[in-house]
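Descriptive structure summary
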Amino acid sequence: MNAAKELAYFAPCPRGLESLLAIELTGLGASDVAASQGGVAFDAEPATAWLANLHSRLASRVLMRVGSGPYRDEDGLYKLARRIEWERWFNAGFTLRVDVAAQRSPLRSLNFAALRIKDGIVDRFRASSGDRPSIDTREPDVRVHAFLQARSLAIYLDLSGEPLFKRGWRSEAGAKGEAPLKENLAAGLLMLARWSPGEPLIDPFCGSGTLLIEAAQMQLGIAPGIRRDFAFQKYLDHDAAAWSRLKSGATERERTLRRGPAPIETSAGTDSRLMLAGADLDPQAIDRTRRNLQRAGLDPSGVRLRVADCRKARPAFDSPGLVIANPPYGERIEAHDHEVRPHHQASPHDQVLAAFGDTLRQYFGGWRVALMSSDEQLPAIIGLKPQRRTPLYNGALECRLFQFEIFSQDSSQHRQPA
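Residues numbered from 1 in each chain as written. Predicted model: local features only at pLDDT ≥ 70, side-chain atom pairs only at ≥ 80, totals over all residues. Heavy atoms only, no water.

Regarding the packing of aromatic side chains
Per the stated rule, a full pass over the model turns up 13 aromatic pairs. With a centroid separation of 5.3 Å and 15° between ring planes, the pair formed by tyrosine 9 and phenylalanine 42 is classed as stacked. Remark: phenylalanine 42 occurs in strand S3 (residues 39-44) and tyrosine 9 occurs in strand S1 (residues 7-12); sequence separation between them is 33 residues. A single burial state applies to tyrosine 9 and to phenylalanine 42, both of which are buried. Both rings, one in phenylalanine 10 and one in tyrosine 156, keep their centres 6.5 Å apart while their planes meet at 50°; by these two values the pair is tilted. With phenylalanine 10 in strand S1 and tyrosine 156 in strand S8 (residues 152-158), this pair connects stretches of sequence that are 146 residues apart. Here the aromatic cluster, defined as three or more aromatic residues joined through ring pairs, consists of Trp86, Trp89, Phe90, Phe94 and Phe125. Positioned over the ring face of phenylalanine 165 is lysine 182, at 5.3 Å from the centre of the ring. (Phe/Tyr/Trp six-rings, centres within 6.5 Å; stacked < 30°, edge-to-face > 60°. Helix = DSSP H or I, 4+ residues; strand = E, 2+ residues; numbered from the N terminus. Buried < 20%, exposed > 50% of the residue type's maximum accessible area, 1.4 Å probe, protein only. Lys NZ or Arg CZ within 6 Å of the ring centre and 35° of its normal.)

What follows is the structure, encoded as C-alpha cells:
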C-alpha cells in the first residue's frame, strides 16, 4: 500500500457527538471530514487512521472502505464482496466476522445479506488458495462491516477490533443498578460541558470512575488507545516500524505532560495537579474506582475519593469548576433515600435528586453543573433551569445532557469551599 495515498474511512460514535468527532479527526490530520447521523466520514493516509485509533476519545471504531457499488439483490452483495482484493490484508488463516447495517434497504433479511457477503469473501480465498477463513463471531481477527442503502452497498474493513471505548483498563462489571457509561460517551460529556484540563471537577455519583479517568487522561495527555492493541496490527500490509514511531510519539507526549507543574498547596493540604474529586454512596464503587484508576495508568492518590451521599456533596477545591455526573437509576440511587420521608407525589429516586438540587444551590455558587439523564423532567425535579439541553444516546437509550450554572447571592462564596 502506498503510505502517501489517502483512503476513505468512516468512524461511528455515540449519537450526539458527531460534530465533536469531526473536529477531533480534523485535528488528527483527516481531510474531507463530513459528519452524519451516527458517525463521521473522512479521507486520510493510513498513518492518520492509525492515529485516530490511538488518539480518538470519541470514535467507537475506525472503518476503512474497501469496496462500494450498486446492488439489486443478495447476489449483488455476493459479487461485490468477491471482487474485493481481501488478500491484501489477510489470508485464509485469519478468522472472520461480517456485520451488516441498513437504511431503507429493500432486502428482507440482514442475516442473509451478511451470509452472502461472507460467502463472497470465503469463495474468493477458496478459488485462489483452496482454503478459506473460518468464522469466529466472538473474537475474530478480521471484522467486515457492510452498510446497505436503498440501492448501494459500502463494505468496510474494521481497523479497530474491539470497540475504541474499550481503553484496556476496565475489567470489572459495574454495580447493580448503575447506568453504564461508555468511555467515549464520558469523554463527549466532558467536551460538551466545556471542561478544561486543570479545571476543578467533581463527580458526586462516580460509580466506576469513568468520567474521572477520562478527565485525568485528557489532562495528562494519555492517549486513550495507548494500553491496547488494534486489528490493523495483524493485517498483512501493516508497517510495524511506522506504528512503533507513532506510539513512541504518544508516549513521549504523555511523559512531557506528566513532568508538568509541581503539586500545589490548597486549603485542604498538598494536592496533585489533577483537580478531580469523586464520591459515591457505595464503598465498593469507590474501591472499584481506585483500582480502575491504577489500571488506567493513574495514581489513585491524585484523585480525591470518598464515600458520601450526594446530598452531602461539597466543593473540594478553592476555585469553582464543574460538577458532572451520570446519576444512577434503580436500586443504587434508592439507597440514598434512607433519610427521606415518603411523599405521595414523589418517588424515592426523585426525592433524592430534589435534595441534591438543594445541595447544589446552597453550596456550589459559581459552579457549572452538567447532568446526563433519560428523564426530561430532571431540571424540574432538581429545581434548576438548564441553559443547554443536548440530545444524546447512551447506547439505544435517548438521553439529554442538561447544563446549569449555579449563581450565589454572595459572589464571595464563589471561591470558598463550603
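We are not done yet, so read on.
Points about helix H1 (residues 18-27)
Each turn of an α-helix holds 3.6 residues, which means side chains three or four residues apart point in the same direction. Those residues of H1 that fall on the buried side of the exposure criterion are Glu18, Leu20, Leu21, Ala22, Glu24 and Leu25. Each element contacted by the buried residues of H1 is listed here: S1, strand S2 (31-36), S3, helix H2 (46-55) and helix H5 (183-192). In the stretch just after H1, glycine 29 is the one whose phi turns positive, near 110°. (Contact = heavy atoms within 4.5 Å.)

Focus: the sheet that holds strand S4 (residues 63-70)
Overall, mixed pairing links the eight strands, which are arranged S2-S3-S1-S4-S8-S7-S5-S6 in an open sheet. Each edge of the open sheet is held by one strand with a lone partner, namely S2 and strand S6 (134-135). As paired elements, S4 and S8 share seven bridges and run antiparallel to each other. In the strand pairing of S8, arginine 65 is matched with tyrosine 156. (Pairing = 2+ DSSP bridges.)

Focus: the packing of H2 against helix H7 (residues 240-258)
Interhelical geometry of H2 versus H7 gives an angle of 40° and a closest axis separation of 11 Å. Classed by the angle they form, the pair H2 and H7 counts as oblique. Where H2 crosses over H7, the two elements pack in a sense that is right-handed. On the side of H2, the interface is formed by Ala47, Trp50, Leu51, Leu54 and His55, while H7 contributes Ala242, Trp243, Leu246, Lys247 and Ala250. Class assignment for the residues of the contact of H2 with H7 results in eight nonpolar, one polar and one charged. (Axes fitted to C-alpha atoms, helices over the stretch in contact; angles between N-to-C directions. Parallel < 35°, antiparallel > 145°, perpendicular 65-115°, else oblique. Left-handed = near helix turned anticlockwise from the far one by under 90°. Nonpolar A, V, L, I, M, F, W, Y, C, P; charged D, E, K, R; others polar.)

Brief notes about helix H6 (residues 210-220)
Of all the eleven residues making up H6, eleven are buried; the element is thus mostly covered by neighbouring parts of the structure. Within two residues after H6, glycine 221 carries a phi angle of roughly 70°, on the positive side.

A look at the packing of helix H3 (residues 74-83) against helix H4 (residues 110-129)
Two elements in contact, H3 and H4, have axes whose closest approach is 8 Å; the angle formed by their N-to-C orientations is 35°. The way H3 lies across H4 gives a crossing that is right-handed. Residues Glu74, Asp75, Leu77, Tyr78, Ala81, Arg82 and Arg83 of H3 lie in contact with H4, whose contacting residues are Phe112, Ala113, Arg116, Ile117, Asp119, Gly120, Ile121, Asp123, Arg124 and Ala127. Partitioned by chemical class, the residues of the contact of H3 with H4 number eight nonpolar, one polar and eight charged.

Quick notes on the environment of glutamate 254
You can see glutamate 254 is positioned in helix H7. By relative accessible area, glutamate 254 is classed as buried at 9%. When near neighbours in sequence (up to four residues on either side) are disregarded, glutamate 254 contacts Leu220, Gly221, Ile222 and Arg227.

Brief notes about the pairing of S8
Burial analysis of S8 places six of its seven residues in the buried class, the great majority of the element. Judged from the five bridges that link them, strand S7 (residues 142-148) and S8 form a sheet pairing that is antiparallel. When the bridges of S8 are listed, valine 144 appears paired with leucine 157. Counting the residues that bridge the hairpin from S7 to S8 gives three residues.

Here's the deal with the sheet that holds strand S15 (residues 368-373)
Taken together, the seven strands give an open sheet; going across it, the order is S13-S12-S9-S14-S15-S17-S16, and neighbouring strands pair in mixed fashion. Every other strand in the sheet has two partners, leaving strand S13 (304-307) and strand S16 (388-394) as the edge strands with one partner each. Across the sheet, the mean angle from the axis of one strand to that of its neighbour is 20°, orientation sign disregarded. Across six bridges, S15 lies against strand S17 (residues 397-405) in antiparallel orientation. For arginine 368, the partnering residue across the bridge sits in S17 and is glutamate 405. Contacting strand S9 (201-203), strand S12 (276-280), S13 and strand S14 (322-325), H6 runs over the sheet at an angle of about 170° to S12.

Re the pattern of salt bridges
All chains considered together, the criterion is met by 19 salt bridges. Linking aspartate 119 and lysine 118 is a salt bridge whose minimum nitrogen-to-oxygen distance equals 3.1 Å. For the pair aspartate 119 and lysine 118, one class covers both residues: buried. Here arginine 290 ties to aspartate 287 by a salt bridge, and the two come within 3.7 Å at their closest N and O atoms. Placement of the pair is arginine 290 and aspartate 287 together in helix H8 (residues 283-295), with a separation of three residues, close to one helical turn. Taking relative accessible area as the criterion, arginine 290 reaches 35% and is therefore assigned partly exposed. Under the relative-accessibility criterion, aspartate 287 is labelled partly exposed at 38%. Within the structure, one salt-bridge network assembled from shared partners comprises Asp75, Arg116, Lys118 and Asp119. (Salt bridge = Lys/Arg side-chain N within 4 Å of Asp/Glu carboxyl O.)

Topic: the confidence of the model for the chain
When pLDDT is averaged along the chain, the result is 89, and 87% of the positions lie at 70 or above. Within the model, pLDDT remains below 50 along residues 262-271, and this stretch shows 17 contacts once partners closer than five positions in the same chain are excluded. pLDDT under 50 marks residues 411-418. Its contacts with residues more than four places away, or in other chains, come to 17 contacts. (pLDDT = per-residue confidence, 0-100.)

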